Amino acid sequence: MATKWNLDPTHSEITFRVKHLMISNVKGSFKTFTAEMEAEDDTFRNAKVTATIQTDSIDTNNTDRDNHLKSEEFFNAAVNPTITFESDALNDEITGNLTVNGVTKPVKLDVDFGGINADPWGNTKAGFSFEGKIKRSDFGLNWNAALEAGGVMVSDEVKIAGELQFVKA
């Protein structure tokens, strides 16, 4: 029988980096998200993970940029309020379907299992780190501007990462 694990949001984060002006990275995060996992045992091999991110919780530490990212030119948060992920398998990597901006594509992310430990209140917790790359254009996030010196304002490649802590239900 599978064991259910729920995300501990106070000890978890999902972040991203995208190249701006082709010279440096702009970082951001999503502040509101949920996830749960079902695992047959404490190795988490082939565990199933589902996650939902609230699109309008995007935070790049700049209100104008955040509002632009929530607009129709990017995530269209009014029409697409969530980003979802459903895994196929979890091993040294996690594969599954990512839905962004109403478009679903398969993705593969590297995963590092940090281990299991009990917190001071008797909860059993498991920690995972993940990272990978996706292309904005695969999900219809095509807004850009050409630069006078060559290149574009925002790279197509987005690096995504997360630190997730789950609590055994």
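**Topic: the overall build of the chain**
In terms of regular secondary structure, the chain is built from one helix and 11 strands. Mapped in sequence order, the helices and strands of the chain form the string β-β-β-β-β-β-α-β-β-β-β-β. The C-alpha radius of gyration of the chain comes to 17 Å, within 12% of the 15 Å expected for a compact globule of 169 residues. Dimensions of the chain, computed from C-alpha atoms along their principal axes, come out at roughly 55 × 30 × 30 Å. Evaluated residue by residue, the chain yields a buried proportion of 38% over its 169 residues. The long-range fraction of contacts in the chain, counting pairs at least 24 apart against all pairs at least 6 apart in sequence, stands at 57%.

**Comments concerning the side chain of R136**
Structurally, R136 is set in the loop between strand 10 (124–135) and strand 11 (154–168). Nearest to the buried, unbridged R136 among oppositely charged side chains is D156, at 4.6 Å. In this structure R136 touches F74, L141, N142, W143, N144, V154, S155, D156 and V158, once residues within four positions along its chain are discounted.

**Let's talk about a nonpolar patch on the surface**
Together, L21, M22 and I23 make up an exposed nonpolar region whose accessible area comes to about 290 Å². If you trace the backbone, I23 turns up in the loop between strand 2 (13–20) and strand 3 (24–30).

**What to know about the side chain of S29**
On the secondary structure map, S29 appears in strand 3. At a separation of 3.4 Å, a polar atom in the side chain of S29 contacts the side chain of K31. Those residues in contact with S29, other than ones at most four positions away along the chain, are I14, T15, F16, S57, I58 and D59.

**Side note on the layout of surface pockets**
The computed volume of the largest pocket comes to approximately 880 Å³. Lining the largest pocket are 47 residues, with F16, F30, I134, V158 and I160 sitting closest to its centre. When residues in the lining of the largest pocket are grouped by element, the largest group, six residues, is from strand 2. Residues that form the lining of the largest pocket fall into these classes: 36 nonpolar, seven polar and four charged. Computed from the structure, the second largest pocket encloses a volume of approximately 150 Å³. Of all the secondary-structure elements, those providing two or more residues to the lining of the second largest pocket are strand 2, strand 3, strand 10 and strand 11. Classifying every residue of the lining of the second largest pocket by side-chain character gives three nonpolar, three polar and five charged.

How each quantity is defined
- Residues numbered from 1 in each chain as written.
- Predicted model: local features only at pLDDT ≥ 70, side-chain atom pairs only at ≥ 80, totals over all residues.
- Heavy atoms only, no water.
- Helix = DSSP H or I, 4+ residues; strand = E, 2+ residues; numbered from the N terminus.
- Rg over C-alpha atoms; globule rule 2.2 N^0.38 Å.
- Buried < 20%, exposed > 50% of the residue type's maximum accessible area, 1.4 Å probe, protein only.
- Contact = heavy atoms within 4.5 Å.
- Lys, Arg positive; Asp, Glu negative; His and termini not counted.
- Salt bridge = Lys/Arg side-chain N within 4 Å of Asp/Glu carboxyl O.
- Patch = residues over 30% accessible without salt bridge, like charges linked within 9 Å, V, L, I, M, F, W, Y side chains within 5 Å.
- Areas by Shrake-Rupley, 256 points an atom, 1.4 Å probe, with all protein chains shown as cover.
- Polar contact = N/O pair within 3.5 Å; in protein donor to acceptor, adjacent residues only side chain to side chain.
- 1 Å grid on protein atoms, 1.4 Å probe; cavity = no way out; pocket = protein on both sides within 12 Å on 5 of 7 lines; lining within 4 Å.
- Points joined across faces, edges and corners; volume = space filled by probe spheres on them.
- Nonpolar A, V, L, I, M, F, W, Y, C, P; charged D, E, K, R; others polar.

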